[in-house]
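Letter by letter, the chains look like this.
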Amino acid sequence: DNDNNRMTIAALGGIDAVIAAMQTRASNAWLQDSGCRALYSLSKNDNNKVTIAAKGGIVAVLAAMQTHASDASVQYFGGQVLERLGHRPPMTTTK
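Before going into details, it helps to say that this report is about the structure given with it. (Residues numbered from 1 in each chain as written. Predicted model: local features only at pLDDT ≥ 70, side-chain atom pairs only at ≥ 80, totals over all residues. Heavy atoms only, no water.)

**Focus: the side chain of Lys49**
Here is the rule: Runs of H or I in DSSP of at least four residues are treated as helices and runs of E of at least two as strands, each being numbered from the N terminus. Throughout, a residue-residue contact means that at least one pair of heavy atoms, one from each residue, lies within 4.5 Å.
With respect to the helices, strands and loops of the structure, Lys49 is situated in helix α4 (residues 46–54). For Lys49, the residues in contact, after removing those within four places along its chain, are Ser43, Arg84, Leu85 and His87.

**Some remarks on the nonpolar core**
Keep this limit in mind: We call a set of buried Ala, Val, Leu, Ile, Met, Phe, Trp, Tyr and Cys residues a nonpolar core when their side-chain atoms join them within 4.5 Å. Residue exposure (1.4 Å probe, protein chains only): buried if accessible area is under 20% of the type maximum, exposed if over 50%, otherwise partly exposed.
Judged by nonpolar contacts, the single largest core of 18 residues is most densely connected at Met22, Cys36, Leu39, Ile52, Val61 and Val81. Those elements giving two or more residues to this core turn out to be α2 (14–24), α3 (29–42), α5 (57–67) and α6 (72–85). Element by element, the count of residues in this core is highest for α3, at five residues. Ignoring sequence-local partners within four residues, the contact set of Val81 consists of Cys36, Leu39, Tyr40 and Val61.

**Observations regarding the packing of α5 against α6**
Note the threshold: To get an axis, a line is fitted to the C-alpha atoms, and for a helix only the part in contact is used. The angle between two axes follows their N-to-C directions and goes from 0 to 180 degrees. Roughly parallel means an angle under 35 degrees; roughly antiparallel means over 145; roughly perpendicular covers 65 to 115; every other angle is labelled oblique. Definitions for this section: a left-handed crossing has its near helix turned counterclockwise from the far helix by less than a right angle. A right-handed crossing has that turn clockwise. Under the scheme applied here, ten amino acids are nonpolar (Ala, Val, Leu, Ile, Met, Phe, Trp, Tyr, Cys and Pro), four are charged (Asp, Glu, Lys and Arg), and all others, including Gly, are polar.
Between α5 and α6, the shortest axis-to-axis distance is 9 Å and the interhelical angle comes to 155°. By the angle between their axes, α5 is roughly antiparallel relative to α6. Once α5 is placed against α6, the crossing between them reads as left-handed. Residues Ile58, Val61, Leu62, Ala64 and Met65 of α5 form the contact with α6, whose participating residues are Val74, Gln75, Gly78, Gly79, Val81, Leu82 and Leu85. Among the residues forming the contact of α5 with α6, the class breakdown is nine nonpolar, three polar and no charged.

**Focus on the packing of aromatic side chains**
Stated formally: Whether two aromatic rings pair depends on their centres lying within 6.5 Å, for rings of Phe, Tyr and Trp, where Trp uses its six-membered ring; planes under 30 degrees apart make the pair stacked, over 60 edge-to-face, and the rest tilted.
The full count for this structure, using the stated rule, is two aromatic pairs. Their ring planes at 65° and their centres at 5.8 Å tell us that Tyr40 and Phe77 sit as a pair that is edge-to-face. Placement of the pair is Tyr40 in helix α3 and Phe77 in helix α6, with a sequence separation of 37 residues. A residue is classified by how much of its surface remains accessible, and Phe77, at 15% relative accessible area, is buried. Relative to Phe77, the ring of Tyr76 has its centre 4.9 Å away and its plane inclined at 85°; by these criteria the two rings are edge-to-face. Tyr76 gets classed as partly exposed once you look at its relative accessible area, which sits at 46%. Among the aromatic residues, those joined into a ring-pair cluster are Tyr40, Tyr76 and Phe77.

**Describing α5**
Counted only if it meets this: Directions pointing from the helix axis toward each C-beta atom define the arc.
Buried within α5 we find Gly57, Ala60, Val61, Ala64 and Met65. The buried side chains of α5 occupy one side of the element, clustering within an arc of 130° when seen end-on. Pointing more than 90 degrees away from the buried face of α5 are the exposed residues Val59 and Gln66. Turning to α5, the residues buried within the fold contact α2, α3, α4 and α6.

**Thoughts on the environment of Val50**
Summarising the element assignment, Val50 is placed in helix α4. Given a relative accessible area of 59%, Val50 falls into the exposed group. It is 10 Å that separates the C-alpha atoms of Val50 and Gly86, two residues lying 36 residues apart in sequence.

Laid out in structure tokens, this is it:
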């Protein structure tokens, strides 16, 4: 669980690869679950949250949840991704 690894994965196109796999293999529940889990982990980094949303991650997660409505793991991790993306980073103040 390392933020540097999350940033490296994103910089090397990992977010794009996960979303592309989810889009091209929509009927594969295992892949959708793995994709949601990966996006959940990558979204622990605030910069990655923005990238995931901008690259179509929200749409991919929602599609996975709709297609695999009876898969508890897809529902859980998909929901966790959406919940995490809905939180904005803490605001910093200067005095």
